[in-house]
Amino acid sequence: MTNTIDELNKILEEADCLVDEATINATLDNIAAQITADLSDKLPLVLCVMNGGLIPTAALIERLKFPLEVDYIHATRYGMETEGSSLNWLSYPQTSLKDRHVLVIDDIFDQGHTLQAIIGWLEQQETRSVRTATIINKLHDRKTDMTPDYVGTDVADRFLFGYGMDYKGYFRNLKGIYAIKGS
Ligand SMILES: O=P(O)(O)OC[C@H]1O[C@H](OP(=O)(O)OP(=O)(O)O)[C@H](O)[C@@H]1O
Ligand SMILES: Nc1nc2[nH]cnc2c(=O)[nH]1
């Protein structure tokens, strides 16, 4: 269904801001310091998980002051929906992964199926190490048995958008993280 600009603006007006820009920036600084301690001498390959990882990846790598390469992987589980289903692989990295220290960056650690599948695939590519980072951790007890190596701010178990995350494809560009009214 097509959303009108009025409908989208109403969603944003009624939404609750759960994480503001200053908190996100502090989270990014903290994660960047941990990553620097672990990877600054490893010439890592950073893999952005598109689309949600786009903004967190840009914000994190500008805080990493050491040599690194960037590529992306495109896998989606939610599409335009608010409930996840099976993972749809849309694009694989073009960079050779063999013997590389890989850092995967995504926006949110929700149930963990997306990162778990990506880690599983990367481990088959003869990488030297694989680490994962997310800006947001959604609090609930429906997690897989993986946990990202670097995890940011905890948020309530609601449907979120902003800072990479979309509502029906929109609002990834917002500086804060919002929850839909009633979710
Ligand atoms: O921990 P999980 O329950 O697997 O959910 C997390 C994933 O869901 C979102 O992606 P989505 O499938 O919505 O695609 P998108 O990045 O294009 O929005 C998000 O960007 C993560 O990749
Ligand atoms: N936009 C969005 N994508 C998600 N993927 C997993 N959880 C979420 C969420 O709360 N919002």
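Residues numbered from 1 in each chain as written. Chains lettered and ligands numbered in written order. Predicted model: local features only at pLDDT ≥ 70, side-chain atom pairs only at ≥ 80, totals over all residues.

Caption draft 1: Summary view of the overall build of the chain. Secondary structure summary: the chain contains four helices and nine strands in total. Secondary structure elements of the chain, listed N to C terminal, follow the sequence α-β-α-β-α-β-β-β-α-β-β-β-β. For a compact globule of 183 residues, the expected C-alpha radius of gyration is about 16 Å, and the chain comes in at 16 Å, within 12% of that figure. A total of 183 residues make up the chain; the buried ones form 30% of that total. (Helix = DSSP H or I, 4+ residues; strand = E, 2+ residues; numbered from the N terminus. Rg over C-alpha atoms; globule rule 2.2 N^0.38 Å. Buried ≥ 20, exposed ≤ 12 C-beta atoms within 10 Å, placed from the backbone.)

Caption draft 2: Focus on the site of ligand 1. Around ligand 1 there are 17 residues in total, and Gly52, Tyr78, Asp110, Gln111 and Thr114 lie nearest to it. Contributing elements (two or more residues each) for the shell around ligand 1: strand S5 (101-109) and helix H4 (113-123). Of the residues forming the shell around ligand 1, the biggest block, four residues, is contributed by S5. Of the residues in the shell around ligand 1, the class split is four nonpolar, eight polar and five charged. (Near = placed C-beta within 6 Å. Nonpolar A, V, L, I, M, F, W, Y, C, P; charged D, E, K, R; others polar.)

Caption draft 3: Summary view of the environment of Ala179. With respect to the helices, strands and loops of the structure, Ala179 is situated in strand S9 (residues 177-179). The contact partners of Ala179, leaving out residues within four places of it in the chain, are Ala15, Asp16, Leu18, Ala156, Arg158, Phe159 and Leu160. (Contact = placed C-beta atoms within 7 Å.)

Caption draft 4: Region of interest: the site of ligand 2. Around ligand 2, the neighbouring residues are Tyr78, Ile108, Asp110, Phe159, Leu160, Phe161, Met165 and Asp166. Of the residues assigned to the shell around ligand 2, the class counts are six nonpolar, no polar and two charged.

Caption draft 5: Up close: H4. When we look at burial in H4, the residues that qualify are Thr114, Leu115, Ile118 and Leu122. Considered in projection along H4, the buried side chains sweep an arc of 90° and stay on one side of the axis. Exposed positions of H4 whose direction lies more than 90 degrees from the buried face are Gly120 and Glu123. The elements touched by buried residues of H4 are strand S2 (45-50), strand S3 (69-76), S5 and strand S6 (129-138). (Arc of directions from axis to C-beta.)

Caption draft 6: Focus on the sheet that holds strand S8 (residues 160-161). As summarised here, the arrangement of the three strands in space is S1-S9-S8, forming an open sheet in which the pairing is antiparallel. The open sheet has two edge strands, strand S1 (16-19) and S8, and neither has a second partner. Pairing between S1 and S9: three bridges, direction antiparallel. Residue pairing in the sheet places Cys17 in a bridge with Tyr178 of S9. (Pairing = 2+ DSSP bridges.)

Caption draft 7: A look at the nonpolar core. Leu47, Val104 and Ile105 are the most contacted members of the largest nonpolar core, which totals 36 residues. Sorting the residues of this core by element identifies helix H2 (21-39), S2, helix H3 (54-61), S5, H4, S6, S8 and S9 as the ones contributing at least two each. (Core = buried A, V, L, I, M, F, W, Y, C linked by C-beta atoms within 7 Å.)

Caption draft 8: Here's a closer look at the environment of Tyr150. Tracing the chain through its elements places Tyr150 in strand S7 (residues 150-155). For Tyr150 and Tyr78, which are 72 residues apart along the polypeptide, the C-alpha to C-alpha distance reads 23 Å. With near-sequence residues (within four places) excluded, Tyr150 lies in contact with Ile31, Gln34, Ile35 and Ala133.

Without other data, these values stay purely geometric and don't point to any function.
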